[in-house]
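Overview (structure and organization)
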Amino acid sequence: MTSRRSSRVPRGQAERTESPFDPRTFARLLGYLRPYASSLAGMYAMAVVSVASTVAIPILVQRGIDRAIVMGRPDELWRILIAMGAVLCVLFVSARIQGVVMMRVGYRVLYDLRRDLFAHLQRLSFRFFDTHRTGQIMSRLTNDIQVLEELLRAGLDTVVVDVLTLVGIAGAMVVLDARLSLVLVVTVPLSMTIVFGL
């Protein structure tokens, strides 16, 4: 009888698997990134270089057409081609370094988190394991960590890179043709509002 009573799990306590966003929990997760601040700074620096190289390519293409091909200046065209080759090399190297650093930081953070979770489980009382289902505990240790793995693997630099790319493309548009950029700034949001508003 005693074993049966202890194996029963309170329904409300066992099924409480989801909770609203907690800023304190999010701050604790960000704390795991603090030891790797220098690596993150280097990763974001490579992201800036990568975005700058990506934005520089269409500018070089425009100058190659307008200043070299149209005006019949082969020497200028060769210089622009060499510059484009150098920019592509910088783009490849910076993107490679950015990806490697992001993966290393992500997996190190996951290792630290798994280590702390395992140590925390070792300190819990027997009463905790009596009142929580084993499947629920395993879900916390596997599924939730897997979600964090996907976030750390693809989300550490995604937001920053996307914002930098958007700003860089907007700047390149202004450099290439300011009037056309102004037309796009006015018409694109208006057309999106009409399409998605319908």
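Remember, it's a predicted structure, so these values are computed and weren't measured experimentally. (Residues numbered from 1 in each chain as written. Predicted model: local features only at pLDDT ≥ 70, side-chain atom pairs only at ≥ 80, totals over all residues. Heavy atoms only, no water.)

**A look at the overall build of the protein**
Put simply, the rule reads: Working definition: helices are DSSP H or I runs of at least four residues, strands are E runs of at least two. Numbering for both runs from the N terminus. For each residue, the accessible area found with a 1.4 Å probe, counting protein chains only, is set against the maximum for its type, and the residue is called buried under 20%, exposed over 50%, and partly exposed in between. Should any heavy atoms of two residues lie within 4.5 Å, those residues are counted as being in contact. Areas reported as accessible are Shrake-Rupley estimates using a 1.4 Å probe. Residue values count occlusion only from the protein chains shown.
Scanning the protein from N- to C-terminus turns up 9 helices and 0 strands. Beginning at the N terminus, the succession of helices and strands in the protein can be written as α-α-α-α-α-α-α-α-α. Per-residue burial for the protein yields a buried fraction of 22% across its 198 residues. Put simply, 83% of the contacts in the protein that link residues at least 6 apart link residues at least 24 apart. Total accessible area computed for the protein in this model is approximately 14,500 Å², and 66% of it derives from carbon and sulfur atoms.

**Some words on the environment of Met46**
Mapped onto the elements, Met46 comes out in helix H4 (residues 37-69). In the structure, Met46 is positioned 50 residues away from Arg96 in sequence and 8.9 Å away in space, judged by C-alpha atoms. With residues near it in sequence (within four places) discarded, Met46 still touches Ser94, Ile97 and Gln98.

**Here we look at the packing of H4 against helix H8 (residues 158-176)**
Which entries qualify depends on this criterion: To get an axis, a line is fitted to the C-alpha atoms, and for a helix only the part in contact is used. The angle between two axes follows their N-to-C directions and goes from 0 to 180 degrees. For classification, angles of less than 35 degrees are called roughly parallel, those exceeding 145 degrees roughly antiparallel, those between 65 and 115 degrees roughly perpendicular, and all remaining angles oblique. Handedness of a crossing follows from how the near helix is turned relative to the far one, being left-handed for an anticlockwise turn of less than a right angle and right-handed for a clockwise one. We call Asp, Glu, Lys and Arg charged. Ala, Val, Leu, Ile, Met, Phe, Trp, Tyr, Cys and Pro are nonpolar, and the rest, Gly among them, are polar.
Contact geometry for H4 and H8: axes closest at 9 Å, N-to-C directions at 25°. Taken together, H4 and H8 sit at an angle that is classed as roughly parallel. The crossing of H4 and H8 is right-handed. Where H4 abuts H8, its residues Tyr44, Ala47, Val48, Val51, Val55, Pro58, Ile59 and Gln62 lie against Val160, Val161, Leu164, Thr165, Gly168, Ile169, Ala172 and Leu176. Taken together, the residues of the contact of H4 with H8 break down into 13 nonpolar, 3 polar and no charged.

**Brief notes about the pattern of salt bridges**
For clarity, the threshold we go by: Any carboxyl oxygen of Asp or Glu within 4 Å of a side-chain nitrogen of Lys or Arg constitutes a salt bridge here.
Scanning all chains against the criterion turns up 4 salt bridges. The salt bridge partner of Glu76 is Arg79, with a shortest N-O separation of 2.7 Å. Of the two residues, Glu76 and Arg79 are both situated in helix H5 (residues 74-123); the distance of 3 residues between them amounts to about one turn of the helix. The residue Arg115 makes a salt bridge to Asp116 at a minimum N-O spacing of 3.4 Å.

**Focus on the side chain of Ser94**
Assignment of secondary structure puts Ser94 in helix H5. With relative accessibility at 2%, the residue Ser94 sits in the buried group. For Ser94, the contacting residues outside a window of four places in its chain are Met46, Val49 and Ser50.

Function cannot be read off these values alone, since they describe shape.
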